[in-house]
Amino acid sequence: MKLSVLGCGAPVSHLPNVNTQSPSAYILEWGHGGKLLLECSTGIQDRLKKKGFDIAEIQHIFLSHIHTDHVGGFPSLYQDLWLNTLWEKSDERRLKASSTRTIYCSRQTSTNLLKILRLLMPESKGRLYPYPELNFVDIQNKARLELNGAKLTTVPTFHGSGMVRSLAIRVENYEGVFVYSGDTGICQGIEDICRGADLFLCEACAITDAEMRARGHLTPKQAGLLAKNGGVKKLVLTHLAAPRLHDLEPVIQEALSSGFAGKIQIAQDGDVINLP
Ligand SMILES: [Zn+2]
Ligand SMILES: [Zn+2]
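Q: I keep staring at the overall build of the chain and nothing clicks. Help me out?
A: Tallying secondary structure elements over the chain gives nine helices and 14 strands in all. For 276 residues, the compact-globule estimate of 2.2 N^0.38 gives 19 Å, and the C-alpha radius of gyration of the chain, at 18 Å, lies within 12% of that figure. With the principal axes as the frame, the chain shows a C-alpha extent of 55 × 40 × 35 Å. Here the chain holds 276 residues, and the buried ones make up 46% of them.

Q: In this structure, what is going on with unusual backbone geometry? I would like to understand it.
A: Trans is the common state for peptide bonds, and a negative phi is the common state for residues other than glycine. Between Tyr131 and Pro132 the backbone carries a cis peptide bond, its omega angle lying at -10°. Mapped onto the elements of the fold, Pro132 is located in the loop between helix 5 (107-119) and strand 6 (134-139). The phi torsion at Lys125 lies on the positive side, around 50°, for a residue other than glycine. Looking at the element boundaries, Lys125 is found in the loop between helix 5 and strand 6. Judged by the 7 C-beta atoms lying within 10 Å of it, Lys125 is exposed. Positioned with a positive phi, His239 is a non-glycine residue whose angle comes to about 60°. Locating His239 in the fold gives a position in the loop between strand 12 (234-238) and helix 9 (249-256).

Q: Even after reading the chapter, I still don't get the sheet that holds strand 12, so can you show me in this structure?
A: Read across the sheet, seven strands follow the order 7-8-9-10-11-12-13 without closing on themselves; strand pairing throughout is mixed. Each end of this open sheet is capped by a strand with a single partner; those strands are strand 7 (143-147) and strand 13 (263-266). Adjacent strand axes in the sheet meet at a mean angle of 20°, parallel and antiparallel pairs treated alike. The sheet contact formed by strand 9 (residues 166-173) and strand 10 (residues 176-180) spans five bridges and is antiparallel. Looking at the pairing, Asn173 lines up with Gly176 of strand 10. Across the face of the sheet, helix 8 (residues 220-229) comes into contact with strand 11 (199-203) and strand 12 while running at roughly 155° to strand 12. This element, helix 9, spans strand 12 and strand 13 of the sheet and lies at about 145° to strand 13.

Q: Help me out: how do you make sense of the packing of helix 8 against helix 9 in this one?
A: Helices that pack against each other are described as a pair by the angle of their axes relative to one another and the distance between those axes. At a minimum axis distance of 7 Å, the contact between helix 8 and helix 9 shows a crossing angle of 45°. Put simply, helix 8 runs oblique to helix 9. Where helix 8 crosses over helix 9, the handedness of that crossing is right-handed. For the pair helix 8 and helix 9, contact is made by Pro220, Lys221, Ala223 and Gly224 and by Val251, Glu254, Ala255 and Leu256, respectively. Tallied by class, the residues present in the contact of helix 8 with helix 9 amount to five nonpolar, one polar and two charged.

Q: Looking at this model, I keep getting lost on the pairing of strand 5 (residues 101-106). Mind explaining?
A: Most of strand 5 sits out of view: five of its six residues are buried. In this sheet, strand 5 lies alongside strand 4 (residues 60-62) in parallel orientation, the contact comprising three bridges. In the sheet register, His60 faces strand 5, and the bridge partner there is Thr102. Relative to strand 6, strand 5 runs parallel, the two being bridged by six bridges. Across the sheet, Tyr104 pairs through a bridge with Val137, a residue of strand 6. With helix 5 bridging strand 5 and the parallel strand 6, this β-α-β connection has right-handed handedness.

Thresholds applied
- Residues numbered from 1 in each chain as written.
- Chains lettered and ligands numbered in written order.
- Predicted model: local features only at pLDDT ≥ 70, side-chain atom pairs only at ≥ 80, totals over all residues.
- Helix = DSSP H or I, 4+ residues; strand = E, 2+ residues; numbered from the N terminus.
- Rg over C-alpha atoms; globule rule 2.2 N^0.38 Å.
- Buried ≥ 20, exposed ≤ 12 C-beta atoms within 10 Å, placed from the backbone.
- Pairing = 2+ DSSP bridges.
- Axes fitted to C-alpha atoms, helices over the stretch in contact; angles between N-to-C directions.
- Contact = placed C-beta atoms within 7 Å.
- Parallel < 35°, antiparallel > 145°, perpendicular 65-115°, else oblique.
- Left-handed = near helix turned anticlockwise from the far one by under 90°.
- Nonpolar A, V, L, I, M, F, W, Y, C, P; charged D, E, K, R; others polar.
- Right-handed = clockwise from strand over helix to strand, strands pointing away.

Here it is, written out as structure tokens:
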């Protein structure tokens, strides 16, 4: 299994003296042709292209929740795929661009995303593009799915003051166990799903515990505690608040103060991380 980091940042494009990172997007690849785009933030096509990924090849997408920094690029990716089906000269690639996209997300995410897509194309009177079709796998609660020989499990987590239906995802096969937190605070879902992960990609967006409790984000120490209690092998912190990006060492130290003794890394745009 291999994780490519296309965007590990919080939703801010420019802060003076801060090396800001792109908003959320990752690609997880595994044997038997498994490829899953995790999140679809603004500018996703450019970042995919720069890293050598073809949007026509991206058939499966996981969206943890509806917030802009996680789904803001979906409408333009969708439009881009439609235009590819019109203008691509290669039959093979045109077929790939036009094939149904499967999107794993909560019912709240799919409902709102479909509303947004329709609002963006009023001339279509409620119809979407004929291609690609969008197959939303609406996840109301826990789900167990299979994709290219890997088992996919999702659980609801606590985020957006409890008003946002957010999901974490676990992908496992003979190569290892990968878990991505999405945006979450401490809750039973995230405690359960990260158990035994070889690689736990975990948000650490909160700066204070009070902020974490109120809005549903984790501090680096909370992420470390989850990893410690879950027996995680490697913790990759992501989605840091932008003001923390200029000095990463205190973030590592805070995560280590949890007592977690495994490997810790802070994700950076462009990273490629292999499992285990
Ligand atoms: Zn969020
Ligand atoms: Zn977020």
